[in-house]
Amino acid sequence: SQQGEEDPQALSIQEGENATMNCSYKTSINNLQWYRQNSGRGLVHLILIRSNEREKHSGRLRVTLDTSKKSSSLLITASRAADTASYFCATDVAGTALIFGKGTTLSVSS
Amino acid sequence: DTAVSQTPKYLVTQMGNDKSIKCEQNLGHDTMYWYKQDSKKFLKIMFSYNNKELIINETVPNRFSPKSPDKAHLNLHINSLELGDSAVYFCASSQGGLSYEQYFGPGTRLTVT
């Protein structure tokens with residue numbers, strides 16, 4: 001069964017705006033990762049946040065993790081057209097496999 | 001240099017045929033994976049190999065058989081292809097398993113007619 005679920009499914013914003021996407025999951029995790037997928041390409045790792053961490057930053061990306069609510073959010077600040085892609089969260093459940101959500105499709109228009 | 005490469009990029013074949021997809025990584029990673037992404041972009045783990053040994057084998061028809069000749073290669077062979085096998089197949093690798101980032105290949109789009 002599916003572990004992670006991103007929200008919203010689709011998001012359209014203008015360049016310069018911030019984009020926030022959320023991920024909810026069902027069972028306890030060891031870590032949570034965010035990936036980006038450009039159209040027709042493979043996934044690219046963005047950030048890994050461990051279950052004992054609450055927030056991580058990488059450039060314009062900010063990820064938060066709330067294990068009590070079983071949720072994570074990815075914030076992209078000052079979005080650019082090049083940020084247009086699908087974003088997936090993936091959870092490491094009991095060290096068995098990385099379970100991906102269905103993704104949020106982000107469109108950034110100039 | 002490409003970190004994780006897959007061949008072919010596109011594969012169009014008829015039902016009942018047997019086909020293989022090859023994957024190679026030059027990152028020195030010890031764990032490799034196969035994922036299937038359906039038309040709705042849902043990505044699901046199929047297999048995971050660590051140092052040439054199978055460690056994850058999700059519920060996948062036994063028509064799918066992974067083969068790892070060495071740590072840098074993980075090939076996927078599919079027998080008796082069915083329409084439902086049409087999808088994009090991704091190979092990935094990581095160093096140390098699930099607590100580390102995974103590096104994905106560009107994908108192989110398989111179309112079964």
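Analysis parameters
Residues numbered from 1 in each chain as written. Chains lettered and ligands numbered in written order. Predicted model: local features only at pLDDT ≥ 70, side-chain atom pairs only at ≥ 80, totals over all residues. Heavy atoms only, no water. Helix = DSSP H or I, 4+ residues; strand = E, 2+ residues; numbered from the N terminus. Rg over C-alpha atoms; globule rule 2.2 N^0.38 Å. Buried < 20%, exposed > 50% of the residue type's maximum accessible area, 1.4 Å probe, protein only. Contact = heavy atoms within 4.5 Å. Areas by Shrake-Rupley, 256 points an atom, 1.4 Å probe, with all protein chains shown as cover. Lys, Arg positive; Asp, Glu negative; His and termini not counted. Charge placed at Lys NZ, Arg CZ, Asp CG, Glu CD. Buried area = accessible area lost by both parts, 1.4 Å probe. Pairing = 2+ DSSP bridges. Phe/Tyr/Trp six-rings, centres within 6.5 Å; stacked < 30°, edge-to-face > 60°. Core = buried A, V, L, I, M, F, W, Y, C linked by side-chain atoms within 4.5 Å. pLDDT = per-residue confidence, 0-100.

S.K.: Before we move on, could you go through the overall build of chain A and cite the residues and values that matter?
M.R.: Broken down by element type, chain A carries 0 helices and 11 strands. Of the regular secondary structure in chain A, the N- to C-terminal order runs β-β-β-β-β-β-β-β-β-β-β. Here the C-alpha atoms of chain A give a radius of gyration of 13 Å, agreeing with the 13 Å that 2.2 N^0.38 yields for 110 residues. Taking the principal axes of its C-alpha atoms as reference, chain A extends roughly 40 × 25 × 20 Å. When the 110 residues of chain A are sorted by exposure, 47% land in the buried category. In chain A, the proportion of contacts linking residues at least 24 apart, taken out of those at least 6 apart, comes to 53%. When the accessible surface of chain A is totalled, it reaches about 5,200 Å², and 44% of it is carbon and sulfur. In chain A, the 12 positive side-chain charges and the 10 negative ones have mean positions that sit 4 Å from each other.

S.K.: Lay out the interface of chain B and chain A with the relevant residues and their values.
M.R.: The interface is formed by 18 residues belonging to chain B together with 23 residues belonging to chain A. When chain B packs against chain A, close to 1,600 Å² is buried across both sides, 56% of that on carbon and sulfur atoms. On the chain B side of the interface with chain A, the three residues burying the most area are B:Lys41, B:Phe42 and B:Leu98, jointly 34% of the side's total. Counting only elements with at least two residues in the side of chain B that touches chain A, the list comes to strand E4 (31-37) and strand E5 (43-50) of chain B.

S.K.: So what's going on with the pairing of strand E1 (residues 4-7) of chain B? Residues and values would help.
M.R.: Residues and elements named next belong to chain B. Burial along E1 is one-sided: the face carrying Val4 and Gln6 is buried and the face carrying Ser5 and Thr7 is not. When E1 meets strand E3 (residues 19-25), the two strands line up antiparallel, connected through 4 bridges. Among the inter-strand pairings, serine 5 is bridged to a residue of E3, identified as glutamate 24.

S.K.: Before we move on, could you go through the packing of aromatic side chains and cite the residues and values that matter?
M.R.: Under the criterion given, the structure shown has 8 aromatic pairs over all chains. Taking the centre distance of 5.7 Å and the plane angle of 80° together, the rings of A:Tyr35 and B:Phe104 count as edge-to-face. Separated into two different chains, A:Tyr35 in strand E4 (residues 31-37) and B:Phe104 in strand E10 (residues 103-104) make up a pair that spans both. An identical accessibility class is assigned to A:Tyr35 and B:Phe104; each is buried.

S.K.: Help me get a handle on the nonpolar core, residues and values and all.
M.R.: Burial of nonpolar side chains together is a common tendency in soluble globular proteins. In this structure, A:Met21, A:Leu32, A:Trp34, A:Leu74, A:Ile76, A:Tyr87 and A:Leu106 are the most contacted members of the largest nonpolar core, which totals 22 residues. Counting only elements with at least two residues in this core, the list comes to strand E2 (10-14), strand E3 (19-24), E4, strand E5 (43-50), strand E7 (61-66), strand E8 (71-76), strand E9 (85-93) and strand E11 (104-109) of chain A. Discounting chain neighbours no more than four positions away, the residues touching A:Ile76 are A:Glu17, A:Asn18, A:Ala19, A:Met21, A:Arg60, A:Leu61, A:Asp83, A:Tyr87 and A:Leu106. By size, the runner-up hydrophobic cluster in this structure holds 20 residues, among which are B:Leu11, B:Cys23, B:Leu110 and B:Val112.

S.K.: I'd like to hear about the confidence of the model for chain A, residue by residue, with values.
M.R.: The pLDDT averaged across chain A works out to 92; a share of 95% of its residues lies at or above 70. Per-residue pLDDT, averaged within each element of chain A, yields its smallest value for strand E1 (residues 5-7) of chain A (84) and its largest for E7(A) (98).

S.K.: Any details on unusual backbone geometry? Residues and values, ideally.
M.R.: Going from A:Asp7 to A:Pro8, the amide bond is cis rather than trans, its omega being 0°. Locating A:Pro8 in the fold gives a position in the loop between E1 and E2. Backbone torsion omega between B:Thr7 and B:Pro8 reads -5°, so that peptide bond is classified as cis. Counting through the fold element by element, B:Pro8 comes out in the loop between E1 and strand E2 (10-13). Not every positive phi belongs to a glycine, and A:Ala78 is a case in point at roughly 50°. Locating A:Ala78 in the fold gives a position in the loop between E8 and E9. Of note in this structure, B:Lys41 is not a glycine but carries a positive phi near 70°. Tracing the chain through its elements places B:Lys41 in the loop between E4 and E5.

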